[in-house]
Amino acid sequence: MTQALSADVLVIGGGSTGVGVAWEATRRGLSVILAERSNLAGGTSGRFHGLLHSGGRYVVSDPRSASECAAENKALRSIAPQAIEDTGGLFVSLEGDDPAYAEGFPLACERAGVEAVAMSPAEARSAEPAVNPGIQAAFWVPDASVDVWRLLGILSAQAAEGGAKILEHHEVVSFEQEGQRVLGARLKDSATGETRWVSAQVVVNATGAWSGRVAAMAGCEVEILASRGVMVAFADRLSHLAINRCIRPSDGDIVVPIRTVSVIGTTDVAVADPDDTTVAPEEVAAMVAAADQLIPGAGSARTLRAWAGVRPLYRPPGGAGSGATRTVSRAHALVDHATQDGVEAFVTITGGKLTTLRLMAEEAVDLVVAKIGLPATPAFVEALEEKPARPAYFRLPDALAHRESVWGGDRDAVVCECEGVLRSDVVALVAAARGRIGIGDLRRSLRVGMGPCQGGFCSYRCAGLIAEAAQAAEAVTEDLVEFWKERFKGTATVSFGAQARQEILDRWLYASPLAPPGEPVALP
Amino acid sequence: MRDEVVASTDGCVKCTICEQACPVAAVTDLFPGPKYVGPQAERFRHGDSVDRSVEYCSGCGACSVVCPQGVAVAELNIRARAQIPRSRRETLRNLALGDTESVARLAGLVPGVANALLGNRAVRRVAQWLAGVHRLAPLPAFAPRRSVRSFWTKSPGEGVPVVYFPGCSTSWYEPWLGEMVVAVLERNGISAQIAAGRCCGLPAQSNGFFGLAARRVARIAKELGAPVAKGTPVLASSTSCALMLMSEAKDVLGIESDPVLRLAEATWDVSEFLLDLHRQGRLDQKGLSPISRRVYYHPPCQQRRHLSGRPALELLALIPGVEIIESTQYCCGIAGTYGLKAEKYEVAMEVGRGLFSEIADSSPEVVACDSETCRWQITHASGVPSVHPVELLYESYGLSGARRPLRQDAKRKSARR
Ligand SMILES: Cc1cc2nc3c(=O)[nH]c(=O)nc-3n(C[C@H](O)[C@H](O)[C@H](O)COP(=O)(O)OP(=O)(O)OC[C@H]3O[C@@H](n4cnc5c(N)ncnc54)[C@H](O)[C@@H]3O)c2cc1C
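Would you explain the domain arrangement of chain B in this entry?
One frequent convention defines the size of an interface as the accessible area lost when the parts assemble. Residue and element names in this part refer to chain B. Taken domain by domain, chain B comprises domain 1 (4-82) and domain 2 (281-414). Between domain 1 and domain 2, the C-alpha centre-to-centre distance is 28 Å. Counting residues at the interface gives 17 residues for domain 1, matched by 12 residues for domain 2. Carbon and sulfur atoms make up 67% of the area that domain 1 and domain 2 hide from each other, which totals about 1,200 Å². Ranking the residues of domain 1 by area buried against domain 2 places Val 27, Tyr 56 and Cys 60 at the top, with a combined share of 37%. Linking Glu 55 and Lys 344 is a salt bridge whose minimum nitrogen-to-oxygen distance equals 2.9 Å. Applying the counting rule to domain 1 against domain 2 returns three residue pairs in polar contact (both at pLDDT 80 or more). Counting only elements with at least two residues in the side of domain 1 that touches domain 2, the list comes to helix H4 (62-66) and helix H5 (73-82). Of all the elements, H4 adds the most residues to the side of domain 1 that touches domain 2, at three residues. Its residues assigned to classes, the side of domain 1 that touches domain 2 comprises 10 nonpolar, five polar and two charged.

Here you go:
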């Protein structure tokens, strides 16, 4: 066992909630350790739909969520504009959709404090030429899209600057308790297999869909309805505005333009195991068909990947409800286990949305501060009033402009052709990590391998650049093989049409001209 | 609704076949290659244009022709080029090169003066400095008004009716070619009615003036509406005019109006039409008398985009005595007005280098090539006279009356460095 650590707060879970809590706690002067069993955004946050909700989706079904989203949408824009693209969005009702829903929509938005501007179908078509020309009603809303890796990267870097320790690949395996009080937890380093002990004044459980399991380790109860949602990414942007269907929340009702792709989602299926992120081919077909209704032509557009995320829907103890996951509130829950289970110094913050991460963090840290007995400190929004940030959202053409700025001769080279990543970008990141970096990390930070070819060409170039810096060819080869296994998992259900042709080329490159040395490793 | 050209990028599997085929990327680092500026860059385009490197695409279309997945690379690039923000000077230069009809109408009033000016080294230096047109670039000479008049007053002969669309180049620079086309058709029982001298819009399009280009095409579609409705074929001897009317009006400009679509259906490249006659057994093959001449045939990039094979080559093969050397090179570099521009002249000459040296090595007496701008470039760079394939048919039929002024080639030759 390596040396013990201690901090005011131990945050378990490196999703949007946990990183938000670590960021907020650091900002308020607490010392923080965050433990995440995989990498940041390795859970639901890295598998979400990408939408910074305007709130419009929930104005009828879940007004509290809607109001929170509307307020937090604004807050997140000023906290981390570089992780946000200010796309804007539309709510549209199609022929055959219940006209009463669209009629009631503006009033419901007004009540929930969600900004929505009615547009004529013609105006909506000119704002977004890709939208179904047969729309009956349309509203503009301040939707935006979020690059979650960038968002959590910004927040965790700011927290780290303030002294927080971010431990990726560290799983909490047990708690240390003294009587009815949690003293800390034991972490297992997945790289070395070693465990280390962390003591903390308060432990915050921010493990999303896993928070029931983690709470149980401390003898506490948190009931999570795990609800799986499937998303399908198209290889290109099909629209530049987010397009929501103006109906009650249902399957495949939103298309989000994020970075270079468009993502249709989602579904809502209760699952027993939060690690169950399987995707059925029928679900992919249903999503593609749903996208085609919002954007005619999407049905034959090239699909890139399909994946699923598991929502942590919180059900309060003794809570009513048939268990139909669509009807469970999307709002978050803060559980003080002292009052609920009689366990001191242990708090769970779960449910909610990525959009509401700041609010969730604020509430959780308020409770932590109270528990530690520190005087209350102002939360971020209050601090904001003093120092308004100037939004510098990222824009789709940024990467192209970046590449253009160095184009010509051999000043630089393009490593990832699909996403326009330069050799200098990769080299800088590899150097910063002192070679301790994998292709997967490059993917999350730079988007290498996320474009149409899914790494078919760039993964080898990245492997070469890492090997050059780290001089550990064997480990790099192993990493390359892992990368490919992971990539093909995500394309299994979308390998038809143009993507199938790509995959055949990718597999051939992998199996033949660019085959990693040694025994051939079979891919899924 | 998804745009068809943009949707075609779905097909790209990054195979780099287009990169291998691109004649511009092969010779300069200024151009990142068709895959990069095409399907790859397209995914990032939204709002203001940020990528200027696509400017160096010459629009030859090699990428679209070779793409095994049907990606409309060249079409994407033309559109992207049109979005690049430009200085006033650049816009003016491009307008001067893109609005060929207006320029020709003006200069055509005083062809002698225009030619004297354009042939003057000092003037050309000033023009390069002021207007960005390279001082050595092969600008065509305006035809004497007398020969222009002789072409326009040619009366259609007896026979099956067609419309001959002369475009700018035949109308103002090479009217004798128009006379030859009409005569060769007449010889084969086809009566060609000469359409008004109009620009097809392609130069405007490739210089980024889509609105002007669209108006040009629409006007032609309107003027030719009546014969097209009757099923009369429209023939063009300029490969760019044929390309514009056959496909680019829809594929690049996105015009889907009925008259334009019907015109597209009716349009033929003149060689393709003559070959079709031959296949129907209606071409007078017996009347072709021998010409013992060594001819180097180069199919221009634009002609390849007609996707009709190499009809001119098959026609030339019908002429007894002609020895044909077929080009193995893709592009002469000029690509319409690309190689005329000061910043691209050298690139264009470099692109054509393979072709020019192949021509030099095979020492032909004449080069046959379907596109006028390519002919001007080829003669400029190789010193070998160049003709439209129909000119050789005309000669072989023993027809007379129309004559290519000899001075022209000589003059162009002397413009070389
Ligand atoms: C299909 C789908 C679409 C969605 N779309 C949107 C959207 O468009 N907009 C939006 O705002 N919200 C969306 N959401 C909701 C949003 O994704 C989640 O609310 C949010 O990501 C939850 O973040 P979290 O940090 O609470 O959970 P997670 O991101 O799951 O983080 C929990 C972390 O805890 C870690 N962990 C678990 N056990 C342990 C342990 N023992 N030790 C250490 N670490 C552990 C996990 O690895 C995981 O990384 C969507 C959700 C789903 C399922």
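Teacher, can you tell me more about the pairing of strand S16 (residues 261-265) of chain A here?
Looking down a regular strand, the side chains alternate between one sheet face and the other. Residues and elements named next belong to chain A. The buried count for S16 comes to five of five residues, which makes it a mostly enclosed element. Burial along S16 is two-sided: the face carrying Val 261, Val 263 and Gly 265 and the face carrying Ser 262 and Ile 264 are both buried. Strand direction decides the pairing type here: strand S13 (residues 223-234) and S16, joined by four bridges, are antiparallel. For Met 231, the partnering residue across the bridge sits in S16 and is Gly 265. In this sheet, S16 lies alongside strand S15 (residues 254-258) in antiparallel orientation, the contact comprising five bridges. Each residue of the ladder has a partner; that of Ile 258, found in S16, is Val 261. Where S15 folds back onto S16 in an antiparallel hairpin, the turn is made up of two residues, including Arg 259, whose phi is positive at roughly 50 degrees.

Criteria and thresholds
- Note that residues are indexed from 1 along each chain, following the sequence as it is written.
- All chains are assigned letters beginning at A, and all ligands numbers beginning at 1, according to the order in which they are written.
- The model is predicted, so local features are restricted to residues of pLDDT at least 70 and side-chain atom pairs to those at 80 or more, both for listing and for counting; the totals for chains, interfaces and linings are taken over all residues.
- Each side-chain value is derived from all of the structure's non-hydrogen atoms; neither hydrogens nor water enter the calculation.
- Domains are outlined according to an automatic or database domain assignment.
- Working rule for contacts: check all heavy atoms of both residues, and any pair within 4.5 Å makes them a contact.
- Buried area adds together the accessible area that both of two parts lose upon being put together, with accessible area traced by a 1.4 Å probe.
- Salt bridge, as used here: a side-chain nitrogen of Lys or Arg that lies within 4 Å of a carboxyl oxygen of Asp or Glu.
- N or O atoms closer than or at 3.5 Å make up a polar contact, with two conditions inside protein: a donor-capable atom paired with an acceptor-capable one, and, for residues adjacent in sequence, both atoms drawn from side chains.
- Only DSSP runs of H or I covering at least 4 residues are called helices, and only runs of E covering at least 2 are called strands; the numbering of each starts at the N terminus.
- Residue polarity is assigned by list, with Asp, Glu, Lys and Arg as charged and Ala, Val, Leu, Ile, Met, Phe, Trp, Tyr, Cys and Pro as nonpolar; anything else, Gly included, falls into the polar class.
- Each residue is placed in one exposure class: buried if its accessible area under a 1.4 Å probe, protein chains only, is under 20% of its type's maximum, exposed if it is over 50%, and partly exposed if it falls in between.
- In this description, strands pair whenever DSSP reports at least two bridges between them.

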